[in-house]
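Fold and contact review
One letter stands for each residue in the lines below.
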Amino acid sequence: MNSFTPVDRLSGAASRAAAKPLVRLDNAGLRRDGRWLVRGIEFQVARGEIVTLIGPNGSGKSTSAKLAIGVHKPDEGRVERLDGLRVGYVPQKLSVDRTMPLTVRRLMTLTGRLPAAVVDDALEQVGIPHLAGAQVHNLSGGEFQRAMLARAIARRPDLLVLDEPVQGVDFAGELAIYELITRIRSATGCGILLISHDLHVVMAQTDTVICLNGHVCCRGTPQTVSQSAEYQRLFGAGAAGKLAVYNHNHDHTHLPDGRVRHADGSVTEHCHPDDGHHQGHDHGARDPGDHAGHAHAHGEEHAHGHGHEASGEHRHV
Ligand SMILES: Nc1ncnc2c1ncn2[C@@H]1O[C@H](COP(=O)(O)OP(=O)(O)OP(=O)(O)O)[C@@H](O)[C@H]1O
């Protein structure tokens, strides 16, 4: 998991190019069947930046991302991309039948040849080198999303666009995947455009949040957006408090194989009853041993989040 390519030192010309955003939407709008799907969309993604689009179903997140990468041409406004921009795109829906016989290695090369070493390196980076020969239909939700991420990063994109990268992943896996995304950003310096409903999980990892509802409702750092009246109208006032989940202290790491490494270096099959995430947290109606009831990352690094319940309130602003 330490085989990321370090960010290259940039030449003068390249560093001037790096100062320009990778992509910039300026008052972009898309109209279909006589109605505006999105309008007045303005945001940009710079190298090394994570921008997250949030908003309720149908608010135009995917449409805005597709405008950004050129799948759609704007009917109004402008979209500018850096010349020669390489995009890695993980769409929300994939037209691969997960019941078809297909190995992870083949999934990686469906849309173009890649040297085996590059495939192996990408799988290593996302923490599933052992699954190269596995059938896609046997992967867990989290493994599948990691395979999709590997597929996107294998071609060393400048801009990584991830449309709901934690679909089918439990709360614990979500945080691990967001940590992985953050690590990819830090190690490769690519820009990342992330789409999610799950703002209270996503937001702490994000530089800029753009809250959409057919138009841009509000924008800013996770903290500013979570406090804004527009955001609270859209997601419910209770959603603002969810950011606190990131401040939780923890004292152990969940390893990829499910075992637990403790602060003293010992490794056990399960958490100790007095481990960090058991202290003062409500496991709800779930069995106390059921870790899906709250979030803590199962991965190489650790982060704990609690209180992932959806606000439930989705009013339009
Ligand atoms: N090609 C299209 N033609 C007509 N309408 C479309 C097209 N693509 C999307 N839409 C509509 O545009 C609106 C925004 O869709 P979009 O997929 O961007 O929303 P979203 O915020 O990503 O939603 P979700 O969270 O449900 O994935 C929806 O009402 C959708 O039905």
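Residues numbered from 1 in each chain as written. Predicted model: local features only at pLDDT ≥ 70, side-chain atom pairs only at ≥ 80, totals over all residues. Heavy atoms only, no water.

As recorded by an unreviewed UniProt entry, the chain carries the name Zinc transport system ATP-binding protein and is attributed to Rhizobium halophytocola.

Observations regarding the site of the ligand
As a reminder of what qualifies: Nearness is defined per residue: one heavy atom within 4 Å of the molecule or strand is enough. Whenever a nitrogen or oxygen atom comes within 3.5 Å of another N or O atom, the pair is scored as a polar contact, on the condition that within protein one atom can donate a hydrogen and the other can accept it, and that pairs from neighbouring residues in sequence are kept only if both atoms are in side chains. Note on areas: Shrake-Rupley with a 1.4 Å probe; residue coverage comes only from the protein chains shown. Strands here mean DSSP runs of E at least two residues long; helices mean DSSP runs of H or I at least four residues long; both are numbered from the N terminus. Three categories are distinguished: nonpolar for Ala, Val, Leu, Ile, Met, Phe, Trp, Tyr, Cys and Pro, charged for Asp, Glu, Lys and Arg, and polar for the others, with Gly belonging to the last.
Surrounding the ligand, one finds 15 residues, the nearest of these being Arg-35, Gly-58, Lys-61, Ser-62 and Thr-63. Asn-57 is positioned with one of its side-chain polar atoms (N or O) 2.9 Å from an oxygen atom of the ligand. Bound to the protein, the ligand loses 67% of the 640 Å² it would expose on its own. Counting residues per element, the ones that place at least two in the shell around the ligand are strand E2 (35-45) and helix H2 (61-69). If one sorts the elements of the shell around the ligand by residue count, H2 sits on top with three residues. Taken together, the residues of the shell around the ligand sort by class into two nonpolar, eight polar and five charged.

Section: the sheet that holds strand E6 (residues 159-163)
Pairing between the strands of a sheet comes from backbone hydrogen bonds, and it takes one of two forms, parallel or antiparallel. So the rule is basically this: In this analysis, strands are considered paired if DSSP registers two or more bridges between them. Only the contacting stretch of a helix is used when fitting its axis, a line to C-alpha atoms as for every element, and angles between N-to-C directions run 0 to 180 degrees.
Reading across the sheet, the six strands line up as E5-E6-E7-E3-E8-E9 and stay open at both edges, with mixed pairing between neighbours. Each end of this open sheet is capped by a strand with a single partner; those strands are strand E5 (87-90) and strand E9 (216-220). Strand-to-strand twist across the sheet, computed as the mean angle between neighbouring axes with direction ignored, equals 15°. Note that E5 and E6 share four bridges and pair parallel. Among the inter-strand pairings, Gly-88 is bridged to a residue of E6, identified as Leu-160.

A look at the packing of helix H5 (residues 141-153) against helix H6 (residues 171-188)
The packing of two helices is summarised by the inter-axis angle and the distance between the axes. Heads up, the rule is: Oblique is the label for any angle not under 35 degrees, not over 145, and not in the 65 to 115 range, which are roughly parallel, roughly antiparallel and roughly perpendicular in turn. Definitions for this section: a left-handed crossing has its near helix turned counterclockwise from the far helix by less than a right angle. A right-handed crossing has that turn clockwise. Contact criterion: two residues are considered in contact whenever any of their non-hydrogen atoms come within 4.5 Å of each other.
At their nearest, the axes of H5 and H6 sit 11 Å apart, and the two run at 15° to each other. Considered as vectors, H5 and H6 are oriented roughly parallel to each other. For the pair H5 and H6, the sense of crossing is right-handed. Of H6, the residues touching H5 (which contributes Gly-142, Gln-145, Arg-146, Leu-149 and Ile-153) are Ala-176, Ile-177, Leu-180, Ile-181 and Ile-184. Per-class residue counts for the contact of H5 with H6 are seven nonpolar, two polar and one charged.

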